[in-house]
Amino acid sequence: MSYMPVTDSMFLMAESREHPMHVGGLQLFTPPEDAGPDFVRSVVETMREHVTVSEKFGRRPADPVGILGNTWWSEVDSIDLEYHVRHSALPKPGRIRELFQQVSLWHETLLDRHRPMWEIHVVEGLEDGRFAVYSKVHHSLVDGVSALRYMTLALSNDPDDREGRVVWQPGLGRRRKQAPSGGAAGASKLLPFNPLSAVKQVGGLTGEVLGMLPASLKVAGATIRDHDYKAPFEAPHTIFNVPIGGARRFVAQSYSLDRIDAVRAAAGATVNDIVLAMCGSALRGYLQELGELPDRSLTAMVPVSLHKEGAESSSNAVGAVIATLATDLTDPAARVTAIQDSVRAARKVMGELSPLQVLALSAANIAGLAPGMLPGYRGATRPPFNLVISNVPGPREAMYWNGAHLDGVYPASIAWEGQAVNITICTNNRNLEFGITACRASVPHVQRMIHYLEDALTELEKAFT
């Protein structure tokens, strides 16, 4: 057995039927030209032949559970790959709609704690001849960024590579140096940051936490002086900020990075600014259609770059802040300006802190979600923010798996109590892939958000290009 850090155990403690604590992802592949009718079946059989499992993917929470939750990992003697690797087919007509419906059902079910806590579903039967792979893994094992990294390492940039690597095979992380992903420094890059990962890192910041009092005073001062700075609990109540059930709805869509980059350049903004403007416009349209749009603008927990102009890039110079989505504005150009001002104000405050204080403050912002995990909590105060919009780094070149081309990779994240919708974006070659995870009961017709995202991008193109 091996010790389980508290930062891992807390995700097990927080889990319930209404609050599954796993992250997932959906990958779409086009089979190689020489693929026969049994290609997908042969891929599944090859996956199940990898019976040697790495330490991380071969352990489960050990019994018994103490008052502080699980404290140990237990290594399994053998693993049932027919259970963990599942082969499915969609019902006709096999549209993407049917695929999303199936992924929604898989994403809402809890992982079995008596087994290593991960599953992979290989799906065929899509009407266009493609196949899909849906994976999910418990957040106590890996966060969303790490999960995607493992999936990416199993891929290859060589279409003739038929080695058939799998995420659980030992030594995968040492196979090759990971290809660089969208970094924080460049204006045309997406920030490689998952806000939830800050929670897992903040436990070791004892020394820096002692310096949080002056840091907190700086934040309090900014809240008073700078009206563009958004502090926790300034968000309006929406249909997203309610108690949630266990059923989920998942939808996803790809958007050309070339289109977004053209708007970015014309607007003098970052890709992150344009992504937030797209989300703000889409959420405005969606809530307006339902008659649920508040007068006050929605806010989101988002990653921002803390690099100073001309400074050397560092993946650690990223913080989780609260930014406006300018849903109270109708003009797309004005929305971009409001978002830029909000992010700029947050960067100014964060730029005066040490990197570890930034991490601690980011985790403190996220900690506003904690009361919502308590039984019976119904939110007497305003929500800390209305939703999380996070980014995870993906491949920046064309990738293949067993010769099949990776067409899309869509993150499926966690919905929290009081946070019924989550938007996670992933880079994939020259696309940005949006994955939206929502509580099925609280957020109806989630697929409408995809249409509003397209409308938002078109609207921005008309405004700036």
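Please refer to the structure placed before this passage.
Remember, predicted model here, so these are calculated numbers, not experimental data.

A. Inspection of the sheet that holds strand β7 (residues 131-138) at higher detail. Spatially, the six strands line up as an open sheet ordered β5-β6-β7-β2-β13-β12, and their pairing is mixed. Of all strands in the sheet, those with a lone pairing partner are β5 (85-89) and β12 (400-401), marking the two edges. The pairing of β12 with strand β13 (residues 404-412) spans two bridges and is classified as antiparallel. Looking at β13, one finds that W401 is bridged to A404. Sheet strands touched by helix α2 (residues 39-48): β5, β6 (118-124), β7, β12 and β13. Its angle to β5, the strand with the most contacts, is close to 170 degrees. Set on the sheet, helix α5 (residues 144-153) makes contact with β2 (22-30), β7 and β13; between it and β2 the angle comes to about 30 degrees.

B. A look at the environment of D34. Among the secondary structure elements, D34 is positioned in the loop between β2 and α2. Taking C-alpha positions, D34 is 9.3 Å from G403, a pair spaced 369 residues apart along the chain.

C. Focus on the sheet that holds strand β3 (residues 59-61). Spatially, β1-β4-β3 is the arrangement adopted by the three strands of the open sheet, whose pairing is antiparallel. Bordering the open sheet on either side are β1 (2-3) and β3, each of which pairs with just one other strand. For β1 and strand β4 (residues 72-75), the ladder comprises two bridges, and the chain directions are antiparallel. When the sheet's bridge partners are listed, S2 is paired in β4 with W73.

D. Inspection of the pairing of β6 at higher detail. Within β6, six of the seven residues are buried, which leaves the element mostly enclosed by the surrounding structure. Here β5 pairs with β6 via five bridges, running parallel. Each bridged residue has a counterpart across the sheet, and for R86 the counterpart in β6 is H121. Once the chain exits β5 it traverses helix α4 (residues 96-108) before rejoining the sheet at β6, and the crossover so formed is right-handed. By the bridge criterion, six bridges tie β6 to β7 in an arrangement that is antiparallel. Across the sheet, E119 pairs through a bridge with K136, a residue of β7. Counting the residues that bridge the hairpin from β6 to β7 gives six residues, and of these G125 lies at a positive phi of roughly 95 degrees.

E. Region of interest: the pattern of salt bridges. Inspection of every chain in the model, using the stated rule, returns 18 salt bridges. For D161, the salt bridge goes to R165, with nearest N and O atoms at 2.6 Å. Note that D261 is salt-bridged to R264, the shortest N-O span being 2.6 Å. One end of the pair is D261 and the other is R264, both in helix α9 (residues 257-267) and three residues apart, which spans about a single turn. Pair check on accessibility: D261 and R264 agree, each one buried. Via salt bridges that share partners, D38, R41 and E45 belong to a single interconnected network.

Parameters at a glance
- Residues numbered from 1 in each chain as written.
- Predicted model: local features only at pLDDT ≥ 70, side-chain atom pairs only at ≥ 80, totals over all residues.
- Heavy atoms only, no water.
- Pairing = 2+ DSSP bridges.
- Helix = DSSP H or I, 4+ residues; strand = E, 2+ residues; numbered from the N terminus.
- Contact = heavy atoms within 4.5 Å.
- Axes fitted to C-alpha atoms, helices over the stretch in contact; angles between N-to-C directions.
- Buried < 20%, exposed > 50% of the residue type's maximum accessible area, 1.4 Å probe, protein only.
- Right-handed = clockwise from strand over helix to strand, strands pointing away.
- Salt bridge = Lys/Arg side-chain N within 4 Å of Asp/Glu carboxyl O.

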